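So the chains spell out like this:
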Amino acid sequence: MLTGKKIVLGVTGGIAAYKAAELVRALIRQGAQVKVIMTRNAQEFITPLTMQTLSQNQVYTDMFVAADKFDIAHIALAEYADAFVIAPATANIIGKITSGIADDLLSTTMMAQDKPTLICPAMNEKMLANPVVQENIGKLKKLGYAVMESAEGELACKTKGKGRLPDVEEIVEAIENLLTPKDLKGVKILITAGPTEEPLDPVRFITNLSSGKMGYALATAAYRRGADVTLISGPTHLPPPVENIIRVRTARDMFQAVMDHYNKAEVIIKAAAVADYCPSETAAEKIKKDKKNLSLELKNNPDIIAEIGRHKGHRVLVGFAMETQNLLANAGEKLKKKNMDLIVANNLRDEGAGFRTDTNVITIIDRGGKTESLGKMTKIEAADAILDRVQKIMKKGSGKK
Ligand code: CTP
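Here the structure is a predicted model, which is why all the values come from computation and not from measurement. (Residues numbered from 1 in each chain as written. Predicted model: local features only at pLDDT ≥ 70, side-chain atom pairs only at ≥ 80, totals over all residues. Heavy atoms only, no water.)

Q: Outline the sheet that holds strand β3 (residues 59-60), listing residues and values.
A: Sheet architecture is open: six strands sit in the order β3-β2-β1-β4-β5-β6, paired in parallel fashion. The outermost strands of the open sheet, each flanked by one partner alone, are β3 and β6 (146-147). Strand direction decides the pairing type here: strand β4 (residues 83-89) and strand β5 (residues 117-121), joined by four bridges, are parallel. Each bridged residue has a counterpart across the sheet, and for alanine 89 the counterpart in β5 is proline 121. Helix α3 (residues 48-55) contacts β1 (6-11), β2 (33-38) and β3 of the sheet and is inclined by roughly 170° relative to β2. Across the sheet, helix α4 (residues 73-80) is in contact with β1, β2, β3 and β4; its angle to β2 comes to roughly 145°. (Pairing = 2+ DSSP bridges. Helix = DSSP H or I, 4+ residues; strand = E, 2+ residues; numbered from the N terminus. Contact = heavy atoms within 4.5 Å. Axes fitted to C-alpha atoms, helices over the stretch in contact; angles between N-to-C directions.)

Q: Mind laying out the packing of aromatic side chains, listing which residues take part and the relevant values?
A: Applying the stated rule across the entire model yields zero aromatic pairs. Its guanidinium or amino end placed over the ring of tyrosine 80, lysine 35 lies 4.2 Å from that ring's centre, counting from NZ or CZ. (Phe/Tyr/Trp six-rings, centres within 6.5 Å; stacked < 30°, edge-to-face > 60°. Lys NZ or Arg CZ within 6 Å of the ring centre and 35° of its normal.)

Q: How would you explain the nonpolar core if you had to name every residue and give the values?
A: One finds Ile189, Ile191, Leu218, Ile269 and Ile386 to be the most contacted residues of the largest nonpolar core, which totals 35 residues. The residues contacting isoleucine 386, other than those within four sequence positions of it, are Met214, Leu218, Val318, Phe320, Leu342, Val344, Ile362 and Ile364. Judged by nonpolar contacts, the second largest core, of 33 residues, contains Leu2, Ala83, Met148 and Val172. (Core = buried A, V, L, I, M, F, W, Y, C linked by side-chain atoms within 4.5 Å. Buried < 20%, exposed > 50% of the residue type's maximum accessible area, 1.4 Å probe, protein only.)

Q: An account of the site of the ligand is needed here, citing residue identities and associated values.
A: Around the ligand lies a shell of 14 residues, among which Lys270, Ala272, Phe320, Lys334 and Lys338 are the nearest. Measuring from an oxygen atom of the ligand, one finds a side-chain N or O atom of aspartate 276 at 2.9 Å. A distance of 2.7 Å separates an oxygen atom of the ligand from a polar atom in the side chain of lysine 334. Across the complex, the protein chains shield 77% of the 570 Å² of accessible surface that the ligand would expose by itself. Cavity membership is defined here by more than half of the atoms lying within 2 Å of grid points; on that basis the ligand lies in the second largest pocket. (Near = heavy atom within 4 Å. Polar contact = N/O pair within 3.5 Å; in protein donor to acceptor, adjacent residues only side chain to side chain. Areas by Shrake-Rupley, 256 points an atom, 1.4 Å probe, with all protein chains shown as cover. 1 Å grid on protein atoms, 1.4 Å probe; cavity = no way out; pocket = protein on both sides within 12 Å on 5 of 7 lines; lining within 4 Å. Sits in = over half its atoms within 2 Å of the grid points.)

Q: An account of the domain arrangement of the protein chain is needed here, citing residue identities and associated values.
A: Domain boundaries in the protein chain define domain 1 (6-179) and domain 2 (188-396). One C-alpha centre belongs to domain 1, the other to domain 2, and the line joining them spans 39 Å. (Domains from an automatic or database assignment.)

See below:
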């Protein structure tokens, strides 16, 4: 959440300027306060009135009109902001920032501010590929600006290619990332998420209700905090939260993927809802309905976290327990049996907990039996709470063998 964060959004003159209106709405929805600076060209594409109405704030367009009271606009905005965002950013504003040109309110404000800044280039494919623009984007990165990769797709000039403004949700996520302190910088974290599917035949499988949201929230939160995240995911409908994602289907595939990657990890968080059993045999062809009764024979899947627990060394191992009864007793037992450092217990029956929700109600238990019950919170907040506990264990010298 961006609650209370003050964002100054610079809008420059490209066709994607209309998407900046959606961005303002999304930021306000996240609890941010937004002030908008528009260049003269931006106003050819979208009106200041639109931005004023959506941001519920005065829109800044001119160097020489006083801001609130007698403040000097570019200095006042530089002081006001927790972060600056330019979306869309044209080749022109990028060129100005990297060459030290300050000839309008936006470029002058950029010169006067030293806050975290995200720049979202959007332009025609050939302009973006122009070596001068590419060199300038490289300079921006060297200067410490966060620069979003332009998206590929249909461009306004009827061609397809790279140069689109990324989706609003992706820009909001990049702003969250920009504003999150990197207190897990470089920590290698392996996370598993989602359900597994155990095929009966080419068209049917056994699975569970896991949506992957908790594991994806953990990957998102860890990435925002600077961790080097590898996500091993069962089938989900969620957009990938990190680049390093390994997609698997069955518990056995997940077992293999975890075994291939756990060695390099310092922290392993097993949020996946792994199927405990799979069909003893998978039919090569579709099973026909020619029998009156059909029994399925199931066999055990490997217990992935128990296997890691046997070889974990000083890695921090975190498991989950989803229960419908005797939450704490069952979870505590799993922690011991599988040699975890922490277990995150949640009861499917709690309001706001469970598989497909965006919230969770978790209790975190450590090896010493310390039990912390946290109230209902978003899955991202729950993820941060779990990562805070992981960090404490690492500060004390890492997990127990
Ligand atoms: N887990 C695993 N491999 C399995 C089953 C579970 O790694 N084959 C992990 C889950 O990712 C979770 C933890 O073990 O972190 C506990 O999972 P859960 O399903 O609650 O417990 P089980 O040990 O499977 O016990 P039960 O199903 O009897 O409650």
